[in-house]
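The primary structure of each chain is shown beneath.
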Amino acid sequence: MGFLKKNGPGLLVCLAIAVPSWLLGKCFPVVGGAVIAILAGMVVTMFLRDKSRLESGIKFASKKILQWAVVLLGFGLNLRVIAQTGRQSLPIILCTITTSLVIAFALHKVLHIPGKISTLVGVGSSICGGSAIAATAPVIDADDEEVAQAISVIFFFNVLAAVLFPAFGSLLGFSTTSGEAFGIFAGTAVNDTSSVTAAAATWDSMWNLGTATLDKAVTVKLTRTLAIIPITMVLALVRTRREKAAGGEGKAVNFRSIFPFFILYFIAASVITTLALRLGVPAAVFTPVKELSKFFIVLAMAAIGLNSNLVKLVRTGGKPIVLGACCWAGITAVSLLMQHILEIW
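The shown structure was predicted, so the numbers you read here are calculated from the model rather than taken from an experiment.

Student: With reference to specific residues and values, describe the overall build of the protein chain.
Tutor: Each helix and strand counted, the protein chain has 16 helices and 0 strands in total. Expected size for 345 residues packed as a compact globule is a radius of gyration near 20 Å; at 20 Å, the protein chain falls within 12% of this value. With the C-alpha coordinates aligned to their principal axes, the bounding extent of the protein chain is approximately 65 × 50 × 40 Å. The buried share of the protein chain, reckoned over its 345 residues, is 52%. Per element, the accessible surface of the protein chain, about 16100 Å² overall, is 67% carbon and sulfur.

Rendered as structure tokens:
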């Protein structure tokens with residue numbers, strides 16, 4: 001009862017947006033339920049004067065339910081396929097992460113953007129958006145305003161990617177009979193898990209690919225998400241050395257607070273699937289679970305739309321937006337270049 005009292009109102013609002021968005025996505029697959037939910041949430045939140053009773057449920061949907069969606073995607077995925085995808089996308093992931101961090105550092109120097117905001121936007125763009133920002137913020141001792149500004153910038157380009165990338169992929173001539181090329185593109189060029197899943201789900205809807213693109217994109221994205229660990233560790237070491245050099249003690253980093261444990265559950269679901277398929281269980285058994293996963297994604301997108309504040313983003317200043325745009329453009333270009341070099345596209 002305590003859970004429902006705390007999260008019920010926000011979850012009901014998310015459901016009220018997600019259900020019609022899911023149905024409209026079925027009718028208009030070229031747009032997809034995930035994108036419709038994001039846009040609907042952004043519109044609805046403009047008319048909500050007081051969201052205090054809804055905040056807990058909205059946060060639960062945008063974080064936990066999205067993670068559940070990713071875990072459920074693990075059902076129906078073979079471990080061998082996951083390992084192969086990880087190896088295939090690793091060179092692209094390393095190049096896109098390096099590109100974003102270099103651009104963030106260069107523009108920090110050229111445009112005189114505050115170091116903590118540059119770090120947050122660079123890490124958020126290169127790894128996994130809001131999750132990477134949330135993990136990095138305590139490591140570099142960023143305040144709430146800096147975190148909010150970085151997340152607003154990342155969210156803006158998340159929405160653009162979710163809405164524009166499927167059409168961009170069609171323009172570029174990605175295969176419409178296989179989700180491989182667009183899945184790798186979405187998994188490496190889009191910065192947040194939510195927008196990766198939205199763009200990939202839209203591509204699947206556009207070309208009736210089931211969850212082929214979504215499976216590929218999420219696997220690539222989760223491989224990329226693991227970069228949170230070494231990068232935050234390096235930032236923690238840098239900060240500790242600086243504090244000690246200045247006469248301070250330096251703070252230890254809590255590993256549990258930065259490790260994305262839901263990835264382990266995703267792998268566990270894949271282990272169950274792999275064993276079940278070897279024992280002769282039909283793959284169709286996992287279809288309802290994957291459909292539930294896709295609905296959870298739409299539900300999470302509704303919550304993320306409700307959390308948006310585009311007016312505040314515009315007011316926070318242009319330099320962080322320029323930084324985010326340059327990181328986004330750099331990652332997109334390098335992802336496409338690497339796919340071309342590796343003959344994936």
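There is more to say, and it comes next.
Student: Kindly report on the environment of Asp192, identifying the contributing residues and their values.
Tutor: Following the sequence through the fold, Asp192 ends up in the loop between helix H8 (180-189) and helix H9 (193-207). Separated by 139 residues in sequence, Asp192 and Arg53 have C-alpha atoms that sit 26 Å apart.

Student: Break down the packing of helix H1 (residues 2-27) against helix H2 (residues 33-45) for me, with residues and values.
Tutor: In the contact formed by H1 and H2, the axes pass within 8 Å of each other and the chain directions differ by 140°. Between H1 and H2, the crossing angle belongs to the class labelled oblique. Like other packed secondary-structure pairs, H1 and H2 cross with a definite hand, here right-handed. Residues Ile17, Ser21, Leu24 and Gly25 of H1 touch H2, and the partners they reach there are Gly33, Ile36, Ala37, Ala40, Gly41 and Val44. Class assignment for the residues of the contact of H1 with H2 results in 6 nonpolar, 4 polar and no charged.

Student: With reference to specific residues and values, describe the nonpolar core.
Tutor: One finds Leu120, Phe165, Phe182, Phe266 and Met301 to be the most contacted residues of the largest nonpolar core, which totals 82 residues. Among the elements that line this core, the one with the most residues is helix H14 (residues 287-306), at 11 residues. Within the second largest apolar cluster, 16 residues are counted, among which are Cys128, Ala132, Ala227 and Ile344.

Student: Help me get a handle on the packing of H1 against H14, residues and values and all.
Tutor: Axis separation between H1 and H14 bottoms out at 8 Å; the angle between their running directions is 125°. With respect to each other, H1 and H14 are oriented oblique. For the pair H1 and H14, the sense of crossing is right-handed. Seen from H1, the contacting residues are Val13, Cys14, Leu15, Ile17, Ala18, Val19, Ser21, Trp22 and Lys26; seen from H14, they are Glu291, Lys294, Phe295, Val298, Leu299, Ala302, Ala303 and Leu306. Within the contact of H1 with H14, the residues separate by chemical class into 13 nonpolar, 1 polar and 3 charged.

Student: Mind laying out a nonpolar patch on the surface, listing which residues take part and the relevant values?
Tutor: The grouping of Leu79, Phe261, Leu264, Tyr265, Ile267, Val271 and Leu275 at the surface amounts to a nonpolar patch, some 590 Å² of accessible area in total. Tallying contributions element by element places helix H13 (residues 262-278) first for the nonpolar patch, with 5 residues. Note on placement: Leu275 falls in helix H13. Using a relative accessible area of 49% as the deciding quantity, one classes Leu275 as partly exposed.

Student: Explain the pattern of salt bridges to me, using residue names and the numbers behind them.
Tutor: A complete count under the given rule lists 3 salt bridges for this structure. With its nearest N and O atoms 3.6 Å apart, the salt bridge here joins Glu291 to Lys26. Of this pair, Glu291 sits in helix H14 while Lys26 is found in helix H1, placing the two residues 265 residues apart along the sequence. Linking Lys294 and Glu291 is a salt bridge whose minimum nitrogen-to-oxygen distance equals 3.8 Å. Taken as a pair, Lys294 and Glu291 lie in helix H14 at a separation of 3 residues, close to a single helical turn.

Student: Break down the side chain of Asn158 for me, with residues and values.
Tutor: Locating Asn158 in the fold gives a position in helix H7 (residues 144-172). Other than its neighbours up to four places away in sequence, Asn158 contacts Asn191, Asp192 and Ser195.

Student: Can you break down the packing of aromatic side chains residue by residue, with the values?
Tutor: Under the defined criterion, the tally for this structure stands at 16 aromatic pairs. Taking 6.3 Å as the distance between ring centres and 20° as the angle between the ring planes, the aromatic pair formed by Phe75 and Phe286 counts as stacked. Placement of the pair is Phe75 in the loop between helix H3 (55-73) and helix H4 (79-110) and Phe286 in the loop between H13 and H14, with a sequence separation of 211 residues. Residue Phe286 is classed as buried on the basis of its relative accessible area of 9%. On the numbers, 5.3 Å between centres and 45° between planes, the contact of Phe157 with Trp328 is tilted. Of this pair, Phe157 sits in helix H7 while Trp328 sits in helix H16 (residues 318-341); the two residues are 171 residues apart in sequence, bridging distant segments of the chain.

About the cut-offs
- Residues numbered from 1 in each chain as written.
- Predicted model: local features only at pLDDT ≥ 70, side-chain atom pairs only at ≥ 80, totals over all residues.
- Heavy atoms only, no water.
- Helix = DSSP H or I, 4+ residues; strand = E, 2+ residues; numbered from the N terminus.
- Rg over C-alpha atoms; globule rule 2.2 N^0.38 Å.
- Buried < 20%, exposed > 50% of the residue type's maximum accessible area, 1.4 Å probe, protein only.
- Areas by Shrake-Rupley, 256 points an atom, 1.4 Å probe, with all protein chains shown as cover.
- Axes fitted to C-alpha atoms, helices over the stretch in contact; angles between N-to-C directions.
- Parallel < 35°, antiparallel > 145°, perpendicular 65-115°, else oblique.
- Left-handed = near helix turned anticlockwise from the far one by under 90°.
- Contact = heavy atoms within 4.5 Å.
- Nonpolar A, V, L, I, M, F, W, Y, C, P; charged D, E, K, R; others polar.
- Core = buried A, V, L, I, M, F, W, Y, C linked by side-chain atoms within 4.5 Å.
- Patch = residues over 30% accessible without salt bridge, like charges linked within 9 Å, V, L, I, M, F, W, Y side chains within 5 Å.
- Salt bridge = Lys/Arg side-chain N within 4 Å of Asp/Glu carboxyl O.
- Phe/Tyr/Trp six-rings, centres within 6.5 Å; stacked < 30°, edge-to-face > 60°.

As far as function goes, none of this settles anything; it's purely spatial.
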